[in-house]
Amino acid sequence: MKVRTRFAPSPTGFLHIGGIRTALYSWLFSKKYAGDFILRIEDTDLERSTKEAIDAILEGMTWMGLTWNEGPYYQTNRLKRYNQIIDKLIFENKAFKCYASKELLEEIRTEQILNKEIPRYDANHPKIKLLNQTPNDNTPHVVRFRNPKTGSVVFNDKIRGRIEIHNQQLDDLIIRRSDGIPTYNFCVVVDDWDMGITHVIRGEEHINNTPRQINIYQALGAKIPIYAHCSMILGDNGAKLSKRQDAESIMHYRNKGYLPNTLNNYLIRLGWSHGNQEIFSIEELIHLFSFKAISKSSAIFDPKKLLWLNNHYIKTSTPEYIVQHLQWHLDQQGINKDNGPNIIEVCKLVRNRCNTLVELADQIHYFYKKYPNFEMKIAQQYLSPIAKKPLQLALIKAENLAIWTTDNLKKMITEICSELKIKTHKIGMPLRVAITGRSESPSINAIMQLIGQNRVILRIKKALEFINNKS
Ligand code: GLU
């Protein structure tokens, strides 16, 4: 049987990292068994679902590289199908219309509490029974699933083990609201059934829904999938990461300059392990992933480790991969990569110094402008009259350098030092500031080589003007 998993977010907020980790587990599992991964948008909560949230889900999944084989399916496109099945269940007496008003249900609830009973929906309560005896489609009503009254539901959760819930604990669930819209617990079953989902991997907040859904599967005569419920991710203070915190949105990490591979690796490790290994390629993850190695306890989110991993991925990923994800940051910072040296070469030169792509973009501005922006304090310090002679000589030599290579530029600096009898930094620093506007950078020869002869000459001239204007 082909493995088919799915990610089924409700578009009621942004795509948060807990959700994306669940998606990742589902995706990896389908890949491991050469199966299918399906994306389904559970948008039946019409009031809370938004177009922005749907876009954020698609954007986040795409950015993370979690490609789907089918979908996105939208539950709102399938309302007819759900309603057909609900009508069939009503016909088979496995579901029923309930006319009890909110007020009546509240009154019964208070009565139950006063009688020290567990408050729950009771179809046999005389007042409810009386109302439901004469169904009338013109009167507001909901449809409830007739949950079995005896026995229990047992399932073997792949992460949590055996779970048993007595049917007495479950009441007759609403499967269609009074506005005619079917509810989550019902739609999810019909969808997973219709879509042939073999493994339902989702957050632990759904454990309580599972026995209810299993009863619906049984009423439909459908095959029950295998379940795996993942634990929560907690903040480093041990508190639940709030869904409303922007910092929890997956795109927040894109904006902060993290690579998708960093997040993939980080989120997988958050609750799943393979010995002490910290760094995994996607291929390795697909190969090694198993439910057995997923922890039952909540995982703690550690931003420092995430940053450390990002540094690792920035240093070790292919420059092409870095550049692919750097583009968004270049756009943000107004850098046009066509307006300067090959970005791949620039990236190779600069990336070792960066923890994030924001830093990387920030460090390469000067490659893509005619002139760098001088950091004023630095310019005042290094572009002083004492730098004039070395820079003048550098200008002459740069203008006359026949072959513009890193080695020749290195030689050029050595010659300036010996001709003027100065230490390397006496030319190195003014040159660095003239070319980059900064006091820190990778090797200045390599930078000059990449920036090219014409622009280097212009920059040295501009630095000399700066010195002249000061004196
Ligand atoms: N739509 C549900 C949610 O976003 C997930 C349902 C499921 O995975 O079964 O929490």
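Taking an unreviewed UniProt entry as the reference, the chain is identified by name as Glutamate--tRNA ligase belonging to Candidatus Photodesmus katoptron Akat1. Checking UniProt for the chain, the heading Subcellular location (unreviewed entry) contains the comment "Cytoplasm". Word for word, the UniProt comment on the chain under Subunit (unreviewed entry) is "Monomer."

A. How the structure looks around helix α13 (residues 343-350). For α13, the complete set of buried residues consists of I343, I344, V346, C347 and V350. Buried positions in α13, seen along its axis, are confined to an arc of 160 degrees and lie on one side of it. A side-chain oxygen of the first residue of α13 lies 2.8 Å from the backbone nitrogen of I344; this N-cap is N342.

B. View of the site of the ligand. Surveying the vicinity of the ligand reveals the residues R6, A8, P9, S10, E42, Y184, V188, R202 and H206. Between an oxygen atom of the ligand and a side-chain N or O atom of R6, the distance comes to 2.6 Å. Take R202: an N or O atom from its side chain is 2.7 Å from an oxygen atom of the ligand. In isolation the ligand exposes 300 Å². Once the protein is present, 85% of that is buried. Of the residues contributing to the shell around the ligand, the split by class is 4 nonpolar, 2 polar and 3 charged.

C. How the structure looks around the layout of surface pockets. Approximately 410 Å³ is the volume found for the second largest pocket. If you go around the second largest pocket, you meet 22 residues; those closest to its centre are F96, A123, N124, R146 and D172. Where the lining of the second largest pocket is concerned, the elements lending two or more residues are β4 (95-98) and α5 (126-132).

D. Main features of helix α4 (residues 102-114). Here α4 spans 18 Å end to end across 13 residues, near enough to the 18 Å set by a 1.5 Å rise per residue. Buried within α4 we find L104, I108 and Q112. Along the axis of α4, the buried positions cluster into a sector of 75 degrees, meaning they face one direction only. Exposed residues on α4 whose side chains face more than 90 degrees from its buried face are K102, E103 and L114. Against α5 lie the buried residues of α4.

E. Representation of the packing of helix α18 (residues 424-436) against helix α20 (residues 453-470) in the model. In the contact formed by α18 and α20, the axes pass within 8 Å of each other and the chain directions differ by 110 degrees. By the criterion of interaxial angle, the relationship of α18 to α20 is roughly perpendicular. Contacts between α18 and α20 involve L431, A434 and I435 from the first element and V456, R459, I460 and A463 from the second. Its residues assigned to classes, the contact of α18 with α20 comprises 6 nonpolar, no polar and 1 charged.

F. Main features of the packing of aromatic side chains. Summed over all chains, the structure comprises 14 aromatic pairs. Among the aromatic residues, ring-to-ring pairing joins Y25, F29, Y33, W272, F280, F289 and F291 into one connected group. Lying across the ring of Y371, K462 places its NZ or CZ 4.3 Å from the centre.

G. Representation of the pattern of salt bridges within the structure. Under the counting rule described, the total for this entry stands at 29 salt bridges. K2 serves as the salt-bridge partner of D36, at 3.4 Å between the closest nitrogen and oxygen. A residue pair is termed long-range when its members are at least 10 positions apart, and D36 in strand β2 (residues 36-41) and K2 in the segment before β1 (4-7) qualify at 34 residues. Residue D36 is classed as buried on the basis of its relative accessible area of 10%.

H. Quick peek at the side chain of R40. Within the secondary structure layout, R40 lies in strand β2. Residues in contact with R40, not counting those within four places in the same chain, are R6, F7, A8, P9, Y73, Q75, V188, D191, D192 and M195.

I. Spotlight on the side chain of N215. Secondary-structure assignment places N215 in helix α7 (residues 209-220). If sequence neighbours within four positions are ignored, N215 has contacts with F145, N147, P148, V153, N167 and L170.

J. Local environment of the sheet that holds strand β8 (residues 174-176). Reading across from one edge, β4-β5-β8 is the order of the 3 strands in this open sheet, with antiparallel pairing throughout. With one partner strand each, in any of the chains shown, β4 and β8 form the two edges of the open sheet. Neighbour-to-neighbour, the strand axes of the sheet open up by a mean angle of 45 degrees, direction not taken into account. Pairing of strand β5 (residues 142-145) with β8 involves 2 bridges; the strand directions are antiparallel.

Cut-off values and rules
Residues numbered from 1 in each chain as written. Predicted model: local features only at pLDDT ≥ 70, side-chain atom pairs only at ≥ 80, totals over all residues. Heavy atoms only, no water. UniProt positions renumbered as here; feature names shortened; annotations may be inferred. Buried < 20%, exposed > 50% of the residue type's maximum accessible area, 1.4 Å probe, protein only. Helix = DSSP H or I, 4+ residues; strand = E, 2+ residues; numbered from the N terminus. Arc of directions from axis to C-beta. Polar contact = N/O pair within 3.5 Å; in protein donor to acceptor, adjacent residues only side chain to side chain. Near = heavy atom within 4 Å. Areas by Shrake-Rupley, 256 points an atom, 1.4 Å probe, with all protein chains shown as cover. Nonpolar A, V, L, I, M, F, W, Y, C, P; charged D, E, K, R; others polar. 1 Å grid on protein atoms, 1.4 Å probe; cavity = no way out; pocket = protein on both sides within 12 Å on 5 of 7 lines; lining within 4 Å. Points joined across faces, edges and corners; volume = space filled by probe spheres on them. Expected span 1.5 Å × (residues − 1). Contact = heavy atoms within 4.5 Å. Axes fitted to C-alpha atoms, helices over the stretch in contact; angles between N-to-C directions. Parallel < 35°, antiparallel > 145°, perpendicular 65-115°, else oblique. Phe/Tyr/Trp six-rings, centres within 6.5 Å; stacked < 30°, edge-to-face > 60°. Lys NZ or Arg CZ within 6 Å of the ring centre and 35° of its normal. Salt bridge = Lys/Arg side-chain N within 4 Å of Asp/Glu carboxyl O. Pairing = 2+ DSSP bridges.

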